[in-house]
Amino acid sequence: EVLIAVGGALESFLSYEFLQRALLMALLGGGVCGAMGVFVVLWRMSLVGMCISHAAFAGALLGLWLGLPPLAGGLAASLGAASAVGPLAERPGFSLDTAMGVIFSVVMSLAMLALGLLPGARTEGLSLIWGSLLTVTRLDLALMGGTALLLFAFIFVFFKEIQAIIGQKQAALASGIPVRKIRYASLILMGLVVAFALKAIGGLLIFSLIVTPAATALQLTYSLRRMFILAALLGAAASAAGLWFSFHFSVPPGAAIVLTAAAFLLAAILLSPKKRGKTV
């Protein structure tokens, strides 16, 4: 009877086309964000990810204010922030933390300014804060699908180089691996991921969806290959489960997704095989 009830609830859930699109976006976006988070967690780029996500949020709001599509503004701002991070951090007297502090303060100020300047009820602008997974279009799905292909192709082609940079950056430099180019490419990919997931997840929550599944995977395995796979699966699972909770309990999808991902992390911390000294 339980299986019949679950099957009936799932059939009811998938009977609406907008929910089908939302579920596909949740699976794609969650998987891509989870895999991207491995770079953020292992390369200790949490501040970078936060700045890029908030830059996309600010850019989308400015786009709305200027009468442009929010996606265009978010994409331009996230790629701009991703491109600015490296050169700023490399300037004499600028540490990465300092560069991130400057970018973060500027983009948040721009976001609040644009939100205050929006005319009317500001409904569309406010929806960018928490996300609107139930309103994704075929174009949103196509863009996220293309980004997923780019990200996973990048990981597959440069996996050995990524592993070397994570394991020993100086040795990777000495062996001729283009460390700088690979890191810059990962930042640009992060900009794409953030921009195309912004509408679905929201500017204040997307960073959590990037970091949390990867942090969960880090609790479960030492293998980089398994970590990418686990982070993507956990991100997709948290997104799908969060969407289901949102549908049945009438709560914001973005918040439900992030809280589900946080629950996965808590369970992984409590049950981690690393605590028992097991090799995974």
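Source: prediction; values computed, not measured.

Student: What exactly am I supposed to notice about the overall build of the protein here?
Tutor: A tally of regular secondary structure across the protein gives 13 helices and 0 strands. When the helices and strands of the protein are placed in sequence order, the string is α-α-α-α-α-α-α-α-α-α-α-α-α. Counting the 280 residues in the protein, one finds 46% classified as buried. Looking at the protein alone, contacts between residues at least 24 apart form 77% of all its contacts between residues at least 6 apart. On the protein, roughly 13,400 Å² of surface is accessible, and the fraction owed to carbon and sulfur atoms is 70%.

Student: Before we go on, may I ask you to explain the confidence of the model for the protein in this structure?
Tutor: In regions of low pLDDT, the predicted coordinates are not meant to be interpreted in detail. On average, residues of the protein score 84 in pLDDT, and 88% of them are at 70 or above. The spread of mean pLDDT over the elements of the protein runs between helix α1 (residues 2-13), the lowest at 55, and helix α7 (residues 138-157), the highest at 94.

Student: Mind showing me how you'd approach the nonpolar core here?
Tutor: Side chains of nonpolar character tend, in soluble globular proteins, to be buried together. Counting residues in hydrophobic clusters, the biggest one holds 80 residues, and the most contacted among them are Phe39 and Leu133. Among the elements that take part in this core, helix α10 (residues 179-201) stands out by supplying 13 residues, more than any other. In this structure phenylalanine 39 touches Arg44, Met45, Leu151, Phe154, Ile155, Ile162, Ser186 and Phe228, once residues within four positions along its chain are discounted.

Student: For this particular structure, what's the right way to read the environment of glycine 116?
Tutor: Tracing the backbone through its elements, the reader meets glycine 116 in helix α5 (residues 96-117). Assessed through its relative accessible area of 46%, glycine 116 is described here as partly exposed. On a C-alpha basis, the gap between glycine 116 and tryptophan 65 in space is 9.6 Å, while along the polypeptide they are 51 residues apart.

Student: Looking at this model, I keep getting lost on the side chain of serine 53. Mind explaining?
Tutor: Among the secondary structure elements, serine 53 is positioned in helix α3 (residues 46-65). For serine 53, a relative accessible area of 0% corresponds to the buried category. Within the structure, the side chain of serine 53 is placed 2.8 Å from the backbone oxygen of methionine 50, a separation counted as a polar contact. A polar contact is formed between the side chain of serine 53 and the side chain of histidine 54, at a distance of 3.4 Å. Contacts of serine 53, omitting those with residues within four sequence positions, involve Val194, Gly203, Ile206 and Phe207.

Student: I'm lost on helix α11 (residues 206-220) in this one. Help?
Tutor: Residues separated by three or four positions in an α-helix point in the same direction, a consequence of the helix having 3.6 residues per turn. In this model α11 runs 22 Å from its N-terminal to its C-terminal C-alpha over 15 residues, within 8% of the 21 Å that 1.5 Å per residue would give. For α11, a buried count of 11 out of 15 residues is recorded, marking the element as mostly surrounded by other parts of the structure. Buried within α11 we find Ile206, Phe207, Leu209, Ile210, Val211, Thr212, Pro213, Ala214, Ala215, Thr216 and Ala217.

Student: I'm lost on the packing of α3 against α10 in this one. Help?
Tutor: A pair of packed helices is characterised by two quantities: the angle between their axes and the separation of those axes. Running from N to C, α3 and α10 point in directions that differ by 45°, and their axes come no closer than 9 Å. For the element pair α3 / α10, the angle class is oblique. Viewed along their axes, α3 and α10 form a crossing whose handedness is right-handed. Side by side, α3 and α10 meet where Val48, Gly49, Ile52, Ser53, Ala56, Phe57 and Ala60 of the first sit next to Leu187, Met190, Gly191, Val194 and Leu198 of the second. Among the residues forming the contact of α3 with α10, the class breakdown is 9 nonpolar, 3 polar and no charged.

Student: Sorry, what's going on with the pattern of salt bridges here?
Tutor: Across all of its chains, the model carries 3 salt bridges by this definition. Arginine 21 serves as the salt-bridge partner of glutamate 17, at 3.3 Å between the closest nitrogen and oxygen. Taken together, the positions of glutamate 17 and arginine 21, both in helix α2 (residues 17-42) and 4 residues apart, correspond to about one turn of that helix. One salt bridge in this structure joins aspartate 140 and lysine 199, with 3.1 Å as the shortest N-O distance. In this pair, aspartate 140 sits in helix α7 while lysine 199 sits in helix α10, placing the two residues 59 residues apart along the sequence.

Student: When you look at helix α6 (residues 123-130) in this model, what are you seeing that I'm missing?
Tutor: Listed as buried for α6 are Gly125, Leu128 and Ile129. What you see down the axis of α6 is that its buried residues fit within an arc of 110°, all on one side. Of the residues one or two after α6, glycine 131 is the one with positive phi, at around 90°.

Each value, and the rule that gives it
- Residues numbered from 1 in each chain as written.
- Predicted model: local features only at pLDDT ≥ 70, side-chain atom pairs only at ≥ 80, totals over all residues.
- Heavy atoms only, no water.
- Helix = DSSP H or I, 4+ residues; strand = E, 2+ residues; numbered from the N terminus.
- Buried < 20%, exposed > 50% of the residue type's maximum accessible area, 1.4 Å probe, protein only.
- Contact = heavy atoms within 4.5 Å.
- Areas by Shrake-Rupley, 256 points an atom, 1.4 Å probe, with all protein chains shown as cover.
- pLDDT = per-residue confidence, 0-100.
- Core = buried A, V, L, I, M, F, W, Y, C linked by side-chain atoms within 4.5 Å.
- Polar contact = N/O pair within 3.5 Å; in protein donor to acceptor, adjacent residues only side chain to side chain.
- Expected span 1.5 Å × (residues − 1).
- Axes fitted to C-alpha atoms, helices over the stretch in contact; angles between N-to-C directions.
- Parallel < 35°, antiparallel > 145°, perpendicular 65-115°, else oblique.
- Left-handed = near helix turned anticlockwise from the far one by under 90°.
- Nonpolar A, V, L, I, M, F, W, Y, C, P; charged D, E, K, R; others polar.
- Salt bridge = Lys/Arg side-chain N within 4 Å of Asp/Glu carboxyl O.
- Arc of directions from axis to C-beta.

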